[in-house]
Amino acid sequence: MLTDKRILLIIGGGIAAFKSLELIRRLRERGAWVTPVLTRAGAEFVTPLSVSSLAGEKAYADLFDLTDEAEMGHIQLSRSADLIVVAPATADLMAKMAHGLANDLASTLLLATDTPVLVAPAMNVRMWEHPATRRNVSTLRGDGISFVGPNEGEMACGEYGPGRMSEPLEIVAAIEMALAEGPLTGRRVLVTSGPTHEPIDPVRYIANRSSGAQGTAIARALAVMGADVVFVTGPAEADRPEGAHIVEVETAAEMMAAVQSVMPVDAAVFAAAVADWRVASASDSKIKKNNGKIPTLDFAENPDILASVSQMGTGRPDLVVGFAAETDDVIANATAKRTRKQCDWIIANDVSPETGIMGGTENAVTLISDEGAETWPRMGKDEVAHQLASRIADALDA
Ligand code: CTP
């Protein structure tokens, strides 16, 4: 619930602005107070009257219209909120934020505030992928701005790809996470999750059976405890955790690059089932049948992401947690893996087919640390996630 939480909602100019009307309704249903601010372009897509009717509060539109400067100045307006939400956040608004421009009410509020900010980008896929926007996103992330979306899909302009604004309920979930308070408030935690896909050619790849369910559950549990979660995931079936910053990757090499780009973090949990090998020279064109001749694949070793973060020296997270999926001698193998990779904890589990753990809803794990091995009873993956998140909170506090 968001009872009595104050949200300052900045509505940028884009076709996705129509979704901000439903967002206001959903926030009001949950007991939040919404103060809407429209950029000049935002007001071309939705009217101040419609947003203020839904919000039950005055909609602010332009710095120089702010007759209330005496009654409620822009600094006051931004600081009285618990959270500032920018939805839709256009490429232009994000560029202004990244460069500290303050030439209208929305950008002035964003510069004048020390309140946390959540951004829901919406733009054409080419604009989202443009190096200038990539730079701005990474500046804003570095400034501690949270993101929800964008999603991938058909766009109003007819193109397909990432750039669609998240749906109102996804934004509400991200707001709930952003406002969640708990033992991990103020901590940034990385979670890797899912399988990786290693291409053979443009249509075939090597993968594994990881569903990403345990990683998603861990990310959710950490976010519920107030952590700022960065979730780097391979192409997993499981839902993406609400409220986390999601980074989608495909291969182990991409996962490594994504992990390096989100550092520093206070803790890192490596739940991904990363492929140990990739095809050394993946073909750029589809490999065809060739008169019964069977193709041979040569493999190259992938970078070990867990080991490299565990051994990074300066900037190493305070706590690094790895997973060990084993079928034999679970504890001995996992203990050796912890020493070899130099992580702080290993969560070991038996993934023999008869356990039904791989792809199932339950897990039976042993936490291996420098204090030895502690076996937890078999329980749901959500419960394992909750216990692990509590232990991470205790360890970071110690
Ligand atoms: N891991 C990683 N990068 C890799 C491989 C694994 O970050 N290239 C991480 C996984 O996310 C997990 C742990 O390392 O936390 C698992 O170790 P790994 O050596 O991959 O386990 P197995 O594949 O089970 O290893 P082995 O074949 O040695 O049993």
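Within each chain, residues carry numbers counting from 1 in the order of the written sequence. Residues qualify for local features only when their pLDDT is at least 70, as the model is predicted, and side-chain atom pairs are given and counted only at 80 or more; totals for whole chains, interfaces and linings, by contrast, use all residues. Here the side-chain values reflect all heavy atoms present in the structure, with hydrogen atoms and water set aside.

In this section: the packing of helix H10 (residues 213-224) against helix H14 (residues 381-397). How two helices pack is summed up by the angle between their axes together with the distance between the axes. For every element, the axis is a line fit to its C-alpha atoms; helices are fit only across the contacting stretch, and the angle between N-to-C directions ranges from 0 to 180 degrees. Only DSSP runs of H or I covering at least 4 residues are called helices, and only runs of E covering at least 2 are called strands; the numbering of each starts at the N terminus. Their axes nearest at 8 Å, the elements H10 and H14 cross at an angle of 45 degrees. By the angle between their axes, H10 is oblique relative to H14. The two elements H10 and H14 cross, and the hand of that crossing is right-handed. Along the contact surface, H10 presents Ala213, Gln214, Ala217, Ile218, Ala221 and Leu222, while H14 presents Lys381, Asp382, Val384, Ala385, His386, Leu388, Ala389 and Ile392. For classification purposes, angles smaller than 35 degrees are called roughly parallel, those larger than 145 roughly antiparallel, those between 65 and 115 roughly perpendicular, and all remaining angles oblique. Should the near helix be turned anticlockwise from the far one by less than a right angle, the crossing is left-handed, and should it be turned clockwise, the crossing is right-handed. Whether two residues touch is decided by their heavy atoms; if any such pair falls within 4.5 Å, the residues are in contact.

Strands qualify as paired when DSSP identifies two bridges or more between them. Taken in spatial order, the five strands make up an open sheet running S2-S1-S3-S4-S5, and their pairing is parallel. Strands at the two margins of the open sheet, each flanked by one partner only, are strand S2 (33-38) and strand S5 (146-147). Both strand S3 (residues 83-89) and strand S4 (residues 117-121) contribute to a ladder of four bridges, which runs parallel. Each residue of the ladder has a partner; that of isoleucine 84, found in S4, is valine 117. Seen against the sheet, helix H3 (residues 48-55) touches strand S1 (6-11) and S2 and runs at an angle of roughly 170 degrees to S2.

What makes a patch is a set of residues exposed beyond 30% relative accessible area and free of salt bridges, joined within 9 Å when like-charged and within 5 Å when nonpolar (Val, Leu, Ile, Met, Phe, Trp, Tyr). Methods summary: accessible areas were calculated by the Shrake-Rupley approach with a probe of 1.4 Å, and residue burial reflects only the protein chains presented. Salt bridge, as used here: a side-chain nitrogen of Lys or Arg that lies within 4 Å of a carboxyl oxygen of Asp or Glu. A grouping of Ile15, Phe18 and Phe45 is seen on the molecular surface, where their side chains present a nonpolar patch of about 330 Å² in accessible area. Each residue's exposure class comes from its accessible area (1.4 Å probe, protein chains only) as a fraction of the maximum for that residue type: buried when under 20%, exposed when over 50%, partly exposed otherwise. Note on phenylalanine 18: relative accessible area 52%, which makes it exposed.

Two aromatic rings from Phe, Tyr or Trp, using only the six-membered ring of Trp, form a pair when their centres are within 6.5 Å; if the ring planes differ by under 30 degrees the pair is stacked, by over 60 it is edge-to-face, and anything between is tilted. According to the stated counting rule, one finds zero aromatic pairs in the structure shown. The rule is short: NZ of Lys or CZ of Arg within 6 Å of the ring centre and within 35 degrees of the ring normal puts a charge over the ring. Stacked on the ring of tyrosine 60, the Lys or Arg lysine 58 has its end atom at 5.4 Å from the ring centre. Directly above the aromatic system of tryptophan 128 lies the positively charged group of arginine 134, at a separation of 4.6 Å from the ring centroid.

We now examine the site of the ligand. Definition of nearness: a residue and a molecule or strand are near each other if at least one heavy atom of the residue lies within 4 Å of the molecule or strand. In the neighbourhood of the ligand, 14 residues make up the surrounding shell, with Phe270, Ala272, Pro303, Leu306 and Phe323 lying closest. Here a polar contact is taken to be a pair of N or O atoms separated by no more than 3.5 Å, where protein atoms must pair a possible hydrogen donor with a possible acceptor and residues adjacent in sequence count only if both atoms sit in side chains. Between leucine 306 and the ligand, the recorded distance is 2.8 Å, taken from a backbone N or O atom to an oxygen atom. One of the side-chain nitrogen or oxygen atoms of lysine 337 is found 2.9 Å away from an oxygen atom of the ligand. Within the complex, 77% of the 580 Å² of free accessible area of the ligand lies under protein.

In this structure, lysine 19 sits in helix H1 (residues 17-29). For lysine 19, the contacting residues outside a window of four places in its chain are Arg164, Met165, Ser166, Glu167 and Pro168.

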